[in-house]
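Analysis of the macromolecular model
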Amino acid sequence: MNSAVFAADNIQKVYLNEAIQAALKNNIDLQAAGINVNIAKNNIKAANRFQNPSFDAFYFMGAAGNSEPKQLGFSENIEIAKRKARKNLAESNLKLAEKNLDYTTFDLKMDVREAYINLVAAKSILYTLEQQKELQEELLEIAKNRVKAHNAPDIDSIQAEIALNQLITQVNTAKVNVNSALANFNKVINAPNNIIYDSMDKIFSEENNFKEMLTPPPDYKFPEFEEIVQKALENRFDIKISKQEIDIAEKNITVVARQRIPDLQLTGGYAYMNAKYADNGNFNNGAYAGASLVNIPLFYNYSPEIQNAALKLKQAELKYESVKNKAIKDVSAAYERFLTAADNLNHYESKIVKGSEQLIETSKDSYEAGKSDITSLIVMKQSYKSIIIGYSQALAEYYNSWTNFLREVNDEEFDLPEDL
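Below, the structure is looked at part by part. (Residues numbered from 1 in each chain as written. Predicted model: local features only at pLDDT ≥ 70, side-chain atom pairs only at ≥ 80, totals over all residues. Heavy atoms only, no water.)

Some words on the packing of helix α3 (residues 83-148) against helix α4 (residues 154-189)
- One can describe the packing of α3 onto α4 by two numbers: an axis separation of 8 Å at closest approach and a directional angle of 165 degrees. Classified by the interaxial angle, the pair formed by α3 and α4 is roughly antiparallel. The way α3 lies across α4 gives a crossing that is left-handed.
- Class assignment for the residues of the contact of α3 with α4 results in 23 nonpolar, seven polar and 10 charged. (Axes fitted to C-alpha atoms, helices over the stretch in contact; angles between N-to-C directions. Helix = DSSP H or I, 4+ residues; strand = E, 2+ residues; numbered from the N terminus. Parallel < 35°, antiparallel > 145°, perpendicular 65-115°, else oblique. Left-handed = near helix turned anticlockwise from the far one by under 90°. Nonpolar A, V, L, I, M, F, W, Y, C, P; charged D, E, K, R; others polar.)

Notes on the pattern of salt bridges
- Enumeration according to the criterion identifies 17 salt bridges in this entry.
- Put simply, Glu79 and Arg86 hold a salt bridge, and the shortest N to O gap is 3.0 Å.
- The exposure class of Arg86 is buried, given its relative accessible area of 16%.
- The closest approach of N and O atoms between Lys324 and Glu321, which form a salt bridge, is 3.9 Å. Here the residue Lys324 and the residue Glu321 both occupy positions in helix α8 (residues 303-352), the gap between them amounting to three residues, near one helical turn. (Salt bridge = Lys/Arg side-chain N within 4 Å of Asp/Glu carboxyl O. Buried < 20%, exposed > 50% of the residue type's maximum accessible area, 1.4 Å probe, protein only.)

Regarding helix α7 (residues 237-257)
- Taking 1.5 Å as the rise per residue, α7 with 21 residues should run 30 Å; its terminal C-alpha atoms sit 30 Å apart, in good agreement.
- Along α7, the positions that sit buried rather than exposed are Phe237, Asp238, Ile239, Ile241, Ser242, Gln244, Ile246, Ile248, Ala249, Val255 and Val256. (Expected span 1.5 Å × (residues − 1).)

Focus on the sheet that holds strand β6 (residues 284-294)
- Strand order in the open sheet formed by four strands is β2-β3-β5-β6, with antiparallel pairing between adjacent strands. Where the open sheet ends on each side, the last strands, each with one partner, are β2 (54-58) and β6. Here the average twist between neighbouring strands, direction ignored, is 20 degrees.
- The pairing of β2 with strand β3 (residues 70-78) spans five bridges and is classified as antiparallel. Bridge pairing in β3 links Ser54 to Ser75. (Pairing = 2+ DSSP bridges.)

Some thoughts on the packing of helix α2 (residues 28-47) against α3
- Their axes nearest at 8 Å, the elements α2 and α3 cross at an angle of 170 degrees. Here α3 runs roughly antiparallel to α2, going by the angle between their axes.
- Tallied by class, the residues present in the contact of α2 with α3 amount to 11 nonpolar, six polar and six charged.

Observations regarding the environment of Val229
- Structurally, Val229 is set in helix α6 (residues 225-235).
- Among the residues examined, Val229 registers a relative accessible area of 12% and is labelled buried.
- Each C-alpha atom, one on Val229 and one on Ile328, is 6.4 Å from the other, the two residues being 99 residues apart in sequence.
- Filtering out sequence-adjacent residues up to four positions away, Val229 remains in contact with Ile328 and Val331. (Contact = heavy atoms within 4.5 Å.)

Overview of the nonpolar core
- Among the nonpolar cores identified, the biggest contains 59 residues, and Val112, Phe185 and Tyr398 are the most heavily contacted of them.
- Secondary-structure elements contributing two or more residues to this core are α1 (16-26), α3, α4, β4 (196-199), α6, α8 and α10 (374-409).
- Here this core gets 14 residues from one element, more than from any other, and that element is α3.
- Filtering out sequence-adjacent residues up to four positions away, Phe185 remains in contact with Val14, Ala19, Val112, Ala115, Tyr116, Leu119, Tyr197, Asp198 and Ser199. (Core = buried A, V, L, I, M, F, W, Y, C linked by side-chain atoms within 4.5 Å.)

Examining the side chain of Asp56
- For Asp56, the position within the fold is in strand β2.
- Despite its burial, Asp56 pairs with no opposite charge; the closest candidate is Lys70, at 18 Å N-O.
- Only 3.3 Å separates the side chain of Asp56 from the side chain of Ser75, close enough to count as a polar contact.
- Leave out the neighbours within four places in its chain, and Asp56 touches Gln71, Leu72, Gly73, Phe74 and Ser75. (Lys, Arg positive; Asp, Glu negative; His and termini not counted. Polar contact = N/O pair within 3.5 Å; in protein donor to acceptor, adjacent residues only side chain to side chain.)

Considering unusual backbone geometry
- Backbone geometry at His150 places phi at a positive 60 degrees, although glycine is not the residue there.
- Along the chain, His150 falls in the loop between α3 and α4.
- Judged by relative accessible area, His150 falls into the exposed class, the value being 73%.

Following this line, the structure appears as C-alpha cells:
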C-alpha cells in the first residue's frame, strides 16, 4: 500500500468474517445505537413510577389562628388505571428499540460486506493492471531488440512505449482507488483504535474464494422465488419494526384514553390547637384524613388527543401494509439482479476467461518471432486486459448482488450450502 496515510505497522489483514466481527465489536455508531435500548429500559421504570407526595402545612394567623387548628401533613395523588398502561407502552417501545438495534447491526454487517468486496475488487483490478504493465515492459524490450536488429520498424518501439505510459497512468489511478476503498472500508468498521483493517490480497484470484466471501457459488441451485418471498416477509426487520409500531400505537390509545379517568387524591396528617384557643381550655390534637377526585374530565375530555392517537394507529397500519408491499418488489428486484450476476459470472468463467491468457502468450511469441505486427499484439493485450478487469467486476457484482439480496431478505445465511 503506497500511501503515507496508512502506517504499515498498524495494518491488520482480515478475512470478511473477521472484518464483520471487528465492526460488531468496535463500531462507534453501533455502540451509540445500543444506548437507545438502555434508555428504553429506564423509560419503563419512569412509566411505572408512583407520584411523589406533597408536604402540607397550615398555620393560621391573625383572628383565624384563634379558632382554627394548625396542620402538618402529606397529600398523595393516586393514579387510577394509568401506570399499567404507561408501562405497557414503555415496554412496547423497548421492543421497538431492540428491533431497531437488530436492524442497525444487520445493516452494519451488510455495509462491511459491501466495503470489503469493493476493496478486494479494487485490489484485483490493480493487480491485473500491474501484471499488464510488466507484460508491456517485456513487450517494449522485445520491440527495442527487434528494432535494433532491423527486424521491425522504429514505430514498433514508439507504440510499445506509448502503451506502457498509458498503463502507468492506469496503475496510478488504480492505486488511488485501492486507497480510497481501504479508507471507506475502515470508515464502515468505524473503530476507535489505531488499527487499519485491510482485506486479504488476491482473494478474487484464489480457488474456493466463495467460502471466504461468505457467498454461495454461482452454480448453486437457489430456491424458488415464492419460497424466498415467504421467508423474507418473516425475517425482514422493517416489517417487524412496522408491526411493533402498530403495537405502540394501540397501547398509546389506551394511555391517552385513560387520561379521562379521574385520579384520587389522599391527604392526611396531624392537627393541633393550643389550650388558650380551645373552648375547653385543653391542648387538643389528633389526625386528619381526606380524599378527593382530581382531574375530572368535565371541561376537557381529551377528545383531540384520543382522535390523534387513533389516527396514528391508522397511519401505522397503512405503513405496515406499505412496507410489506414494497418488500415483495424489493426482494424480486434483488433476486433478479443476483441471478443475472450469477449467469454473467458463469459466462465469464466458462466462455470468456478460459484461453484468454494462453492467447495473449501465443500472440506475444508470434510477434517476437516476427509472424505478426505489434499493433495487433497491443490490441490483443488491451482486449485481454478488458476481459480480466471485466471478470473482476463481474465477481464484485456477483458478491455485491448477493449482499444486496441478503439486505432485502434480512437473513444473513439465507439457504447457504452446508459445505460453505
